[in-house]
Amino acid sequence: SVNTQYFIFELKAELNSDKKEKKKEAVKKVIASMTVGKDVSALFPDVVNCMQTDNLELKKLVYLYLMNYAKSQPDMAIMAVNTFVKDCEDPNPLIRALAVRTMGCIRVDKITEYLCEPLRKCLKDEDPYVRKTAAVCVAKLHDINAQLVEDQGFLDTLKDLISDSNPMVVANAVAALSEIAESHPNSNLLDLNPQSINKLLTALNECTEWGQIFILDCLANYTPRDDRESQSICERVTPRLSHANSAVVLSAVKVLMKFMEMLPKDLDYYGTLLKKLAPPLVTLLSAEPELQYVALRNINLIVQKRPEILKHEMKVFFVKYNDPIYVKLEKLDIMIRLASQANIAQVLAELKEYATEVDVDFVRKAVRAIGRCAIKVEQSAERCVSTLLDLIQTKVNYVVQEAIVVIKDIFRKYPNKYESVIATLCENLDSLDEPEARAAMIWIVGEYAERIDNADELLESFLEGFHDESTQVQLQLLTAIVKLFLKKPTETQELVQQVLSLATQDSDNPDLRDRGYIYWRLLSTDPVAAKEVVLAEKPLISEETDLIEPTLLEELICHIGTLASVYHKPPSAFVEGSRGVQHKRIPIRSGSGESSESQDTGGAPGATEAPAAVIPSQGDLLGDLLNLDLTPPTSTAGAPPGPPMPMGGMDLLGGGLDSLVGGGGSLLTPLSLMGSGFGAPAAVMPSSLNAPVGGGLGDLFDLGGGVGMPMGTFVPPKTLWLPAMKGKGLEIMGTFARRAGVIQMEMTLTNKAMSVMTDFAIQFNRNSFGLAPAGPLQVPTPLSPNQTIDVSLPLNNGGPVMKMEPLNNLQVAVKNNIDVFYFSCQYPISMLFVEDGKMDRQVFLATWKDIPNENEAQFQINDCHLNSGEEEEDEAQCRLSTQHRSSNTLSLSFTINLMVTLVSWRFPHCTLGLCGFSS
């Protein structure tokens, strides 16, 4: 418009005025217009001309204008380069710092290379204010052109600044390096060691509050060498807990929470530190509501990790009448987490008061909190149920409905204990209008139908408006009526037919329809199985269901004082791009936790005499399983798995029965039998095996020219070894196979947790055949949430031996970054058989003779009918004589006419020989 053009023209004239005051006023007008969104980019060359001034205020305004328009006017921004270079050598340190700060904010690729030399000079400037400003400028320049920063050696200069004499320079250098390290997680920029940590701790005492935050956050990424170093750092960080700035306090808490993990719990200082952590956290709750909320979200995490810190501070979390709703709800959550037998009476009295408030959401949460207290503190369950019944008597609709929902959970936790209250619940049936409450009441009626005389009438009343109910209620109603039918079949046959018809024929919901069909088929085909499925014993619910998963909790503890601790989500869940995906973990003290508890338990009584449990419980593991070294083995021996052999039509006896009877006619052709059984064509026998076999015992150990029995062809299907519930989200399915002469343990690992799994290792307990990993467990990449990966572990039988019950039982320990998990599995004995099972004749005869004659057993089977594969079926009389000798070395002999198969099993090396001769 004309007015705008006139305004620009007028400003241009003022900017070129000879009077300094007029110039300054004109630049102020330009900045004011820019601030309200007017386009004043046409004045760029005129404003840049104003840079040549000694007036610091005017220079600041011009630099502000430059930062805003340099990106849209890159060609004209080059005009300012000479001024920057000149200002970086100005005698006034404020102007030098201003120039270098503005250089870092002008994100124009064309001029960054011109700024390297001025920046290098400022990084080594004699004034600390200039050095600290230049340190931050390196991080900004790295964001624009990372390669340029690395080539110019600015990163090494930044590392040198950590040793600077000025604490603010140290803090800004740490902040810059941390910023760069976040965008390049794999780079080892912050190479922290005890010497550099000591320098940071020294600077910590003299920094500004924001400098302290930078240094504390950097310290939180360091892993101390031992508990002594950890204690030393904690002692020097503890004074920050009394700082007035809440961000400094939370950063200090983060460092202490991480390093406490490395301190022995029996150490006096450990108890002192716990006591010191409580007061600053309590003080944070006296700030304004917004800060209170942030503090409460962080305290929620701290209480889940270490409830003992605030166990005596329950009253601080009692709700005030003027607290905003978001603060009230968060306090309520922490109250439940801190509830214990010592303070439960106090907590329940408070919760009962809250249930009479006017805020509906808060009242609902208070009623649910009473139920959670009952589940968490068993001794208080009766008092909690009594409190809930009192609340039901108030007849306030939403209170009654919430009470019924939580009473259902109490029934699940304590079966057959509080069912006397069912009559009171049934009285309020008509007032229920919320889906969750109706579903809970239906579950109670179905679960305890045998105790409720008119259970069928109650469920029938819900059935009248079946199609108007929510899916949650429909599914619960279907299951409840099926339960009722299984408990009272004669009285409720018509009712169950009605609900099955409604669910399968009149419903469009696939979930409801599928469940209806499953119940219908179960009831019509196998009522006993239906009873086992529908009326199965339910697992008890735990008070831990609302806790954050341990691995996620550890990561969030490492992010205390950040948005991640407020959202209760890892940074990767809400930060886009490459940043925020670095997963942090709390360090584990060497010799603590599982490690200390897993020290030598080999001397436990009965470790060798008592039979091993098939699936040991996690708390009571047998033998040496607790004494396993879970570091990956150094040996990587073990052949790679070979291709599987075809199954169909294979001769399981290697040489074939034709060779056993010496060429000519076959008495029994196993290939044809296999073909008929598996639909595979008969295979052609190798010519070498069809050659006549010499008579006598001389051929017993040289069957088929040395062709042994091909093993490792059949691989059993994978079975579930470690369920996700016991593995904290890690599910393991597996089987065993023998490939190319090597036993393979083939596993499918699935991560059903919310966090990444890494650092996998595996170890076996002593077992019957000395099975042990031949190499480390190779999991190629970190296992992300919901990812599945197949791994194959080669095994050998050179490990320690201990007889197991059953013989082929194997106890396994798998370790990852979360925990150590134990499970038990059984391997097929056939996996131990070698492909070429020949046995030296002298060894065989000596072994046979060593078995006492009294161990021989004989019996006869008459009238055996044999069918010839080459002629018409004709019956032949045969006599089968079986001899069996038993000892520590087991040998079996089968005789059918002129064919003898001898099996020798040598324990523990598991060499199986299959031999034949004809006479």
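Model, not experiment: these values are computed from the prediction. (Residues numbered from 1 in each chain as written. Predicted model: local features only at pLDDT ≥ 70, side-chain atom pairs only at ≥ 80, totals over all residues. Heavy atoms only, no water.)

Engineer: Teacher, can you tell me more about the packing of helix H9 (residues 116–123) against helix H10 (residues 128–144) here?
Structural biologist: Geometry of a packed helix pair, given as the angle between the helix axes and the separation of the axes. Two elements in contact, H9 and H10, have axes separated by 8 Å at closest approach and are oriented at 140°. In terms of orientation, H9 and H10 fall into the oblique class. The element H9 and its partner H10 pack so that their crossing is left-handed. Along its contact with H9, which presents Leu119, Cys122 and Leu123, the element H10 presents Val130, Arg131, Ala134, Ala135, Cys137, Val138 and Leu141. Counted by class, the contact of H9 with H10 contains nine nonpolar, no polar and one charged residues. (Axes fitted to C-alpha atoms, helices over the stretch in contact; angles between N-to-C directions. Helix = DSSP H or I, 4+ residues; strand = E, 2+ residues; numbered from the N terminus. Parallel < 35°, antiparallel > 145°, perpendicular 65-115°, else oblique. Left-handed = near helix turned anticlockwise from the far one by under 90°. Contact = heavy atoms within 4.5 Å. Nonpolar A, V, L, I, M, F, W, Y, C, P; charged D, E, K, R; others polar.)

Engineer: Can you help me understand the sheet that holds strand S4 (residues 761–764) in this one?
Structural biologist: Two pairing modes exist for strands in a sheet, parallel and antiparallel, and in both the strands are linked by backbone hydrogen bonds. With antiparallel pairing, three strands are arranged side by side in an open sheet as S4-S7-S8. This sheet does not close on itself; its edge strands, each paired only once, are S4 and strand S8 (820–826). Direction aside, neighbouring strands of the sheet carry axes that sit 25° apart on average. Of the pairings in the sheet, the one linking strand S7 (residues 809–815) to S8 comprises seven bridges and is antiparallel in character. By the bridge assignment, Asn809 is partnered in S8 with Gln826. (Pairing = 2+ DSSP bridges.)

Engineer: For this particular structure, what's the right way to read the packing of aromatic side chains?
Structural biologist: Here a ring pair, both rings aromatic, is described through the centre-centre distance and the interplanar angle of the planes. Applying the stated criterion across every chain yields a total of ten aromatic pairs. Measuring from centroid to centroid gives 5.4 Å for Phe411 and Tyr448, while their planes differ by 75°, and the two rings are edge-to-face. Of this pair, Phe411 sits in helix H24 (residues 397–413) while Tyr448 sits in the loop between helix H26 (435–447) and helix H27 (455–463); the two residues are 37 residues apart in sequence, bridging distant segments of the chain. For Tyr448, a relative accessible area of 6% corresponds to the buried category. When the ring of Phe736 is compared with that of Tyr827, the centres are 5.9 Å apart and the planes differ by 70°; the resulting orientation is edge-to-face. In this pair, Phe736 is assigned in strand S2 (residues 730–739) and Tyr827 in the loop between S8 and helix H38 (841–850), connecting sequence segments 91 residues apart. With a relative accessible area of 2%, Phe736 lands in the buried category. With relative accessibility at 1%, the residue Tyr827 sits in the buried group. Counting every residue linked through ring pairs, the aromatic cluster contains Trp721, Phe736, Phe769, Phe823 and Tyr827. Geometry around Phe362 places Lys328 over its ring, the cationic atom sitting 5.3 Å from the centre. (Phe/Tyr/Trp six-rings, centres within 6.5 Å; stacked < 30°, edge-to-face > 60°. Buried < 20%, exposed > 50% of the residue type's maximum accessible area, 1.4 Å probe, protein only. Lys NZ or Arg CZ within 6 Å of the ring centre and 35° of its normal.)

Engineer: What should I look at first to understand the pairing of strand S6 (residues 788–796) in this one?
Structural biologist: It is a general feature of regular strands that their side chains alternate between the two faces of the sheet. As judged from the eight bridges shared by strand S3 (residues 742–751) and S6, these two strands associate in the antiparallel manner. In the strand pairing of S6, Ile743 is matched with Leu795. With two bridges connecting them, strand S5 (residues 772–773) and S6 associate as antiparallel partners. Along S6, the bridge assignment pairs Pro773 with Leu795.

Engineer: So what exactly am I meant to see when it comes to the packing of helix H28 (residues 471–487) against helix H31 (residues 527–534) here?
Structural biologist: For the pair H28 and H31, the least separation of the axes is 10 Å and the interaxial angle reads 125°. Between H28 and H31, the angle falls in the class oblique. Here the hand of the crossing between H28 and H31 comes out left-handed. Across from Val482, Lys483 and Leu486 in H28, the residues of H31 making contact are Pro527, Ala530, Lys531 and Val534.

Engineer: Looking at this structure, how should I read helix H16 (residues 227–237)?
Structural biologist: The periodicity of an α-helix, 3.6 residues per turn, causes residues three or four positions apart to be oriented the same way. Three or more residues of H16 are buried, namely Glu229, Ser230, Ile233, Cys234 and Val237. Down the axis of H16, the smallest arc covering the buried residues is 135°, so these residues share one side. For H16, the N-terminal cap is Asp226; the gap from its side-chain oxygen to the backbone nitrogen of Arg228 is 3.2 Å. (Arc of directions from axis to C-beta. Polar contact = N/O pair within 3.5 Å; in protein donor to acceptor, adjacent residues only side chain to side chain.)

Engineer: Whenever I open this one, the nonpolar core confuses me. Can you help?
Structural biologist: Nonpolar side chains in soluble globular proteins tend to end up buried together. Of all hydrophobic cores here, the largest spans 209 residues; its most connected members are Tyr65, Leu119 and Phe411. The contact partners of Tyr65, leaving out residues within four places of it in the chain, are Val30, Ile31, Met34, Val40, Ser41, Leu43, Phe44 and Val47. Counting residues in hydrophobic clusters, the runner-up holds 33 residues, among them Leu730, Leu777, Val779 and Val814. (Core = buried A, V, L, I, M, F, W, Y, C linked by side-chain atoms within 4.5 Å.)

Engineer: It is not clear to me how the pattern of salt bridges should be interpreted in this structure. Could you clarify?
Structural biologist: When the charged atoms of two side chains lie near each other, side chains of opposite charge can form a pair. Counted under the stated rule, the structure contains 31 salt bridges. Between Arg372 and Asp333 there is a salt bridge, with its nearest N and O atoms 3.2 Å apart. Here Arg372 is found in helix H22 (residues 360–376), whereas its partner Asp333 is found in helix H20 (residues 325–338), with 39 residues between them in sequence. With a relative accessible area of 12%, Asp333 lands in the buried category. Of the charged contacts in the structure, one is a salt bridge between Arg368 and Glu402, with a shortest N-O distance of 2.4 Å. Taken together, the residues span a long stretch of sequence, with Arg368 in helix H22 and Glu402 in helix H24 at a distance of 34 residues. Classification of Arg368 by relative accessible area gives partly exposed; the value is 28%. (Salt bridge = Lys/Arg side-chain N within 4 Å of Asp/Glu carboxyl O.)

Engineer: How do you make sense of the sheet that holds S3 when you look at a structure like this?
Structural biologist: Within the open sheet, the five strands sit side by side as S1-S2-S3-S6-S5. Their pairing is antiparallel. In this open sheet, the two strands that pair with only one neighbour each are strand S1 (719–722) and S5.

Engineer: What is the right way to look at unusual backbone geometry in this model?
Structural biologist: A negative phi holds for most residues other than glycine; trans holds for most peptide bonds. With omega at 0°, the peptide bond leading from Glu805 into Pro806 counts as cis. On the secondary structure map, Pro806 appears in the loop between S6 and S7. Of note in the backbone geometry, Ala740 takes a positive phi value of approximately 50° without being a glycine. Structurally, Ala740 is set in the loop between S2 and S3. Unlike most non-glycine residues, Asn786 shows phi in positive territory, near 65°. In this fold, Asn786 is placed in the loop between S5 and S6.

Engineer: What exactly am I supposed to notice about the environment of Gln379 here?
Structural biologist: Among the structural elements, Gln379 can be located in the loop between H22 and helix H23 (381–393). Sequence spacing of Gln379 and Ser340 is 39 residues, and the spatial spacing of their C-alpha atoms is 9.5 Å. In terms of polar contacts, Gln379 uses its side chain to reach the side chain of Gln341, at 3.4 Å.

Engineer: Would you mind showing me how to read helix H18 (residues 268–284) here?
Structural biologist: Tyr269, Tyr270, Leu273, Leu274, Leu277, Ala278, Pro280, Leu281 and Leu284 are the residues of H18 that are buried. Summarising the contacts, the buried residues of H18 are in contact with H16, helix H17 (246–260) and helix H19 (289–305).

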